[in-house]
Amino acid sequence: MTKDEIFQRLVNILVETFGIEAERIVPEARLRDDLDIDSIDAVDLMVQLKPLVGQRLQPEAFKLVRTVGDVVDALHRLTAGRETVNA
């Protein structure tokens, strides 16, 4: 899965689950400060993202995540690892 595909799926989740306007969701947007994603919302987001990687998401993978771009990068690393294993 490419970073662009991950970004589009993330935008869809943020719009549908949290009611965030799509135009506010840019790679530089900070989850907490710009999009009002609090710690409880972050848990909901991780649940929504689980199908993208096909495995349970480990909190350590998201410890340094602060922006939408950080989420995309973390998911890309996880999916790239899975695709390499499945190849």
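Residues numbered from 1 in each chain as written. Predicted model: local features only at pLDDT ≥ 70, side-chain atom pairs only at ≥ 80, totals over all residues. Heavy atoms only, no water.

What follows concerns helix 1 (residues 3–18). The terminal C-alpha atoms of helix 1 lie 21 Å apart, and with 16 residues this matches the ideal 22 Å at 1.5 Å per residue to within 8%. Listed in full, the buried residues belonging to helix 1 are Ile6, Phe7, Leu10, Val11, Ile13 and Leu14. With its buried residues spanning 165° around the axis, helix 1 presents them on a single face. Looking at helix 1, the residues exposed on the side facing more than 90 degrees away from the buried face are Asp4 and Glu16. Of the residues flanking the end of helix 1, it is glycine 19, one or two places downstream, whose phi is positive at about 70°. (Helix = DSSP H or I, 4+ residues; strand = E, 2+ residues; numbered from the N terminus. Expected span 1.5 Å × (residues − 1). Buried < 20%, exposed > 50% of the residue type's maximum accessible area, 1.4 Å probe, protein only. Arc of directions from axis to C-beta.)

Confidence along the protein averages 87 in pLDDT terms, with 91% of residues attaining 70 or more. Ranking the helices and strands of the protein by mean pLDDT puts helix 1 first, with 96, and helix 3 (residues 68–86) last, with 77. (pLDDT = per-residue confidence, 0-100.)

The next thing to look at is the nonpolar core. Grouped together as the largest cluster of nonpolar side chains are 24 residues, with contacts concentrated most on Leu10, Leu14, Leu35, Leu49, Val68, Val71 and Leu75. Those elements that provide at least two residues to this core are helix 1, helix 2 (39–53) and helix 3. When residues in this core are grouped by element, the largest group, 6 residues, is from helix 1. If near-sequence neighbours (up to four positions away) are discounted, leucine 75 is found in contact with Ile6, Leu49, Leu52, Val53, Leu57 and Phe62. (Core = buried A, V, L, I, M, F, W, Y, C linked by side-chain atoms within 4.5 Å. Contact = heavy atoms within 4.5 Å.)

With that settled, the discussion passes to the pattern of salt bridges. Tallying each qualifying case throughout the model produces 4 salt bridges. Its salt-bridge partner being lysine 3, residue aspartate 73 comes within 2.9 Å of it at the nearest N-O pair. Here lysine 3 lies in helix 1 and aspartate 73 lies in helix 3, a separation of 70 residues in the sequence. Residue classification places aspartate 73 among the partly exposed residues on the basis of a relative accessible area of 29%. On the accessibility criterion, lysine 3 (40% relative accessible area) is partly exposed. The partner of arginine 30 in a salt bridge is aspartate 34, and the shortest N-O contact between them spans 3.0 Å. Classification of aspartate 34 by relative accessible area gives partly exposed; the value is 29%. Several salt bridges converge on common partners, so that one network encompasses Arg30, Asp33 and Asp34. (Salt bridge = Lys/Arg side-chain N within 4 Å of Asp/Glu carboxyl O.)

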